[in-house]
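Report on the structure
The lines below spell out each chain.
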Amino acid sequence: MLAFFRCPRLRVLSCIQADKLLYYSINYSIAHKIEFPERDYSANPAVAHSNHVITKLSREGRINEARNVFDEMCARDVVTWTTVITGYVKCGLMEEARKLFDRVDAKKNVITWTSMVSGYVRLKRISEAERLFEDMPERNVVSWNTMVDGYAQHGMIDKALMLFEKMPARNVVSWNMIITALEQCGRIDKARQLFDMMPTRNVVSWTAMVSGLARNGRIQEAREVFERMPARSVVSWNAMINGYVQNLRLDEAVELFERMPERDMPSWNIMITGYIQNNNLTRGRNLFDQMRRKNVVSWTTMIMGYVQDGQSEEALKIFSYMLADGEVRPNQGTFVCVLGACCDLAGLNEGQQVHQMINKTIYLENENIVSALISMYSKCGDLGTARRMFDDGVTSQRDLVSWNCMIAAYAHHGYGNEAIILFNKMQDFGFKPNDVTYVGLLTACSHAGLVEEGLKFFEELLYNTCIQLREDHYSCLVDLYGRAGRLKDAIDFIKQIGTEVSSSVWGALLAACHVHGDVNLGKLVAKELLEVEPENSGAHLLLSNIYASTGKWSEAKGMRLKMMDKGLKKQPGCSWIEVGNRFHVFIVGDKSHSHRKIIYSLLCDLHAKMKLPGLIPNNVSMPDENFAVT
């Protein structure tokens, strides 16, 4: 009923959007790319030769060897110093670079200074980059672009804009960077204003404008800019197609895709994503099969499509095809999707195999992967391993998603007190709960019968102005009241909500009416639920079961007949268990299993024990098997 347990899977979207981000990052890569000197202007042939060796070693990442050559040189010029410092910067060794840079005998020019500024930007040490930029004795357009880019990358858009306006000279990269930065933070009008002011534009400028307009919902304006482009690259076409896909206008996306003079891999990936987002998995699969070459985004998109469509078994097949293909290795997003499929299938054995694959990769300590593994082990019934996965990660490797997953795992298994203890521990570590945290916490209280604790947490949520209340929170509270038999409190709370009540809230109360055999309230709730969702077969069946559980067989039969008249059908309940590497599947009402006599004999014994005094409420009778719903 609730979606809180799927939280790790949502993080995979960043993987699917990897190709999309290519369009927006293209300008940044131009701006802050650090180049080694292509030509050596050293007058001394020996120095020139050593500089060439240092440049080669630095480019290959052999910075220690490059430093040895540097230390052995009798004479050094500015090219020597700049090459070694830039080598350290490229390797992320800013402390070593700074030591050389600050030496009294260091020879520096504008390239050396700019390289240092760029290094601090890349390591997100923006204040140090800013101080160094301000101290520069000389700046060129690349220096200014590097600092503008640094501000933009760190969300300091106002500072980026102010610095851009102070630039004594700008090139097309300067304009492209600031326009793209403005678009990404939603200031599309200002971006368009600057675009119209540009003295010269290149294909990147036009493409950035098309992408920005489309991303901000101005798709018609984006198409007008696209049609005005004097020249288009494949990235330009991809940007326009992606704009249509993002705005759920698939027909226009298909029309442009078919018109493209050339396509690259992102072109195909964008269209496959578009079909999946528009619930047309079949056409997405057909396009996927037509691709001559596929990258990890292609495979992961297809796997995610099947998982979202509830075809997790097919998702695992696609994953196995990907492994058999051998051309592409799974990445973080792939593993998260596949673990989600294992969750849906309760496939512990498959999940363990995927875990073994992850152990051989760099993703083992990734926060998203850890969260997905916690979710997988918990939903597959192995709560102990889920907790060990959580505990094995050091605090710095746990993000809020990991804490939420572990709280949700305890909720799923009915360990309310453990969920509360973990919630308190999470706050002790400085993590602030979000809306998903409270869904898990309230569910844990509901499943464990901790009514007062759940009410306390809901009241705490009401006073937390940083968290927006949503329908799942209301459903949890109604479920909390309902499971405890406090149906009057539940209905009183629903009346206080004040907005249109969702089907999930009414569904939670209807389920409680079924459990506690309240026919009169059940009829009223079912009526409300059917007004919200007239074709909800589950509501009809629950009301039928409420009648049946109180011995009103004719009314129960009447509800079934109404379903037949409306053509409503409920998907039969299905469960399965793995024994000895073999899956045994059971569908409600099906008696085809080879061991059915033993199985049903055991079920009869269990039903008899469940009817013993104290195990079920006195006012609830076991429904006839013809009316039983899984």
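Residues numbered from 1 in each chain as written. Predicted model: local features only at pLDDT ≥ 70, side-chain atom pairs only at ≥ 80, totals over all residues. Heavy atoms only, no water.

1. Comments concerning helix α27 (residues 416-428)
Stated precisely, the cut-off is as follows: The way it works is that DSSP assigns letters per residue, a run of H or I at least four long becomes a helix, a run of E at least two long becomes a strand, and they are numbered from the N terminus. Multiplying one less than the number of residues by 1.5 Å gives the expected span of a helix. When a residue's accessible area, from a 1.4 Å probe over protein chains only, is under 20% of the maximum for its type it is buried; when over 50% it is exposed; and in between it is partly exposed. An arc is given here, and it is the one of the directions from the helix axis to the C-beta atoms. Contact definition: two residues touch when any of their heavy atoms are within 4.5 Å.
An ideal rise of 1.5 Å per residue puts 18 Å on 13 residues; α27 measures up with 19 Å between its terminal C-alpha atoms. Those residues of α27 lying buried are Gly416, Ala419, Ile420, Leu422, Phe423 and Met426. Projected down its long axis, α27 carries its buried residues within an arc of 165 degrees, all on one side. Every exposed residue of α27 that faces more than 90 degrees away from the buried side is listed here: Ile421 and Asp428. Against the buried residues of α27 lie α25 (383-392), α26 (400-412), α28 (435-448) and α29 (451-462). Of the residues one or two after α27, Gly430 is the one with positive phi, at around 95 degrees.

2. So, the pattern of salt bridges
To keep it simple, the criterion reads: For this analysis, a salt bridge means a side-chain nitrogen from Lys or Arg found within 4 Å of a carboxyl oxygen belonging to Asp or Glu.
One pass over the structure, following the stated rule, counts 29 salt bridges. One salt bridge connects Asp71 with Arg67, and the closest N-O pair in it is separated by 3.0 Å. Placement of both Asp71 and Arg67 in helix α5 (residues 63-72) is noted, with a separation of four residues, approximately one turn of the helix. Ionic pairing is found between Arg486 and Glu452, a salt bridge with its closest N-O pair at 3.4 Å. You can see Arg486 sitting in the loop between α30 (471-483) and α31 (487-497) and its partner Glu452 sitting in helix α29, a full 34 residues away along the chain. Look at Arg486 and you get partly exposed, because its relative accessible area is 29%. One connected set of salt bridges, linked through shared partners, spans Asp189, Arg192, Asp196, Arg218 and Glu221.

3. Considering the environment of Pro199
Structurally, Pro199 can be placed in the loop between α13 (188-197) and α14 (203-215). Taking relative accessible area as the criterion, Pro199 reaches 63% and is therefore assigned exposed. Between the C-alpha atoms of Pro199 and Asn171, which are 28 residues apart in sequence, the distance is 9.3 Å.

4. Details of unusual backbone geometry
One non-glycine residue, Asn279, adopts positive backbone phi at about 60 degrees. Position of Asn279 relative to the elements: it lies in the loop between α18 (265-277) and α19 (281-290). The backbone phi angle of Ala346 is positive, close to 50 degrees, even though this residue is not glycine. Here Ala346 lies in the loop between α22 (332-345) and α23 (348-359). Judged by its relative accessible area of 38%, Ala346 falls in the partly exposed class.

5. Here's the deal with the environment of Ala181
Mapped onto the elements of the fold, Ala181 is located in helix α12 (residues 172-184). Residue Ala181 is classed as buried on the basis of its relative accessible area of 5%. C-alpha separation for the pair Ala181 and Ala191, spaced ten residues apart in sequence, amounts to 8.4 Å.

6. Description of the confidence of the model for the chain
Heads up, the rule is: You can read pLDDT as the predictor saying how much it trusts each residue, on a scale of 0 to 100.
Within the chain, residue pLDDT values average 82, and 83% of them lie at 70 or more. Here helix α1 (residues 7-10) is the element of the chain with the lowest mean pLDDT, 40, and helix α20 (residues 296-308) is the one with the highest, 94. Taken together, the stretch residues 1-40 has pLDDT below 50 and engages in 117 contacts with residues farther than four places along the chain or on a different chain. Below pLDDT 50 for its whole length, residues 617-630 participates in 33 contacts with residues either more than four positions away or in separate chains.

7. Some thoughts on the packing of helix α16 (residues 234-246) against helix α17 (residues 250-259)
Cut-off, in case you're wondering: Axis lines are fitted through C-alpha atoms, for helices just across the contact stretch, and the angle between N-to-C directions can take any value from 0 to 180 degrees. Here is the rule for angles: anything less than 35 degrees is roughly parallel, anything more than 145 is roughly antiparallel, 65 through 115 is roughly perpendicular, and the remaining ranges are oblique. In a left-handed crossing the near helix is turned counterclockwise from the far helix by less than a right angle, and in a right-handed crossing that turn is clockwise.
Where α16 meets α17, the closest approach of the two axes is 8 Å, and the angle between their N-to-C directions is 160 degrees. The angle between the axes of α16 and α17 places the two elements in the roughly antiparallel class. α16 and α17 meet at a crossing whose hand is left-handed. Contacts between α16 and α17 involve Trp237, Met240, Ile241, Tyr244 and Val245 on the former and, on the latter, Glu252, Ala253, Leu256, Phe257 and Arg259.

8. Description of the UniProt feature "repeat: PPR" (unreviewed entry) in the chain
As a reminder, the rule being used: UniProt positions are given in the numbering used here, feature names are shortened, and annotations may be inferred rather than shown by experiment.
As recorded in UniProt, the sites labelled "repeat: PPR" (unreviewed entry) are residues 77-107, 109-139, 140-174, 202-236, 264-294, 295-329, 399-433 and 434-468. Taken as a whole, residues 295-329 contains 77% helix and 0% strand, while its terminal C-alpha atoms sit 9 Å from one another.

9. A closer look at the packing of aromatic side chains
Cut-off, in case you're wondering: Side-chain rings of Phe, Tyr and Trp (the six-membered ring for Trp) are treated as a pair once their centres are within 6.5 Å; stacked means planes under 30 degrees apart, edge-to-face means over 60, and tilted covers the remaining angles.
Per the stated rule, a full pass over the model turns up 18 aromatic pairs. On the numbers, 5.7 Å between centres and 45 degrees between planes, the contact of Trp403 with Phe431 is tilted. In this pair, Trp403 sits in helix α26 while Phe431 sits in the loop between α27 and α28, placing the two residues 28 residues apart along the sequence. Taking the centre distance of 5.6 Å and the plane angle of 85 degrees together, the rings of Phe458 and Phe493 count as edge-to-face. One end of the pair, Phe458, is in helix α29; the other, Phe493, is in helix α31, and 35 residues separate them in sequence.

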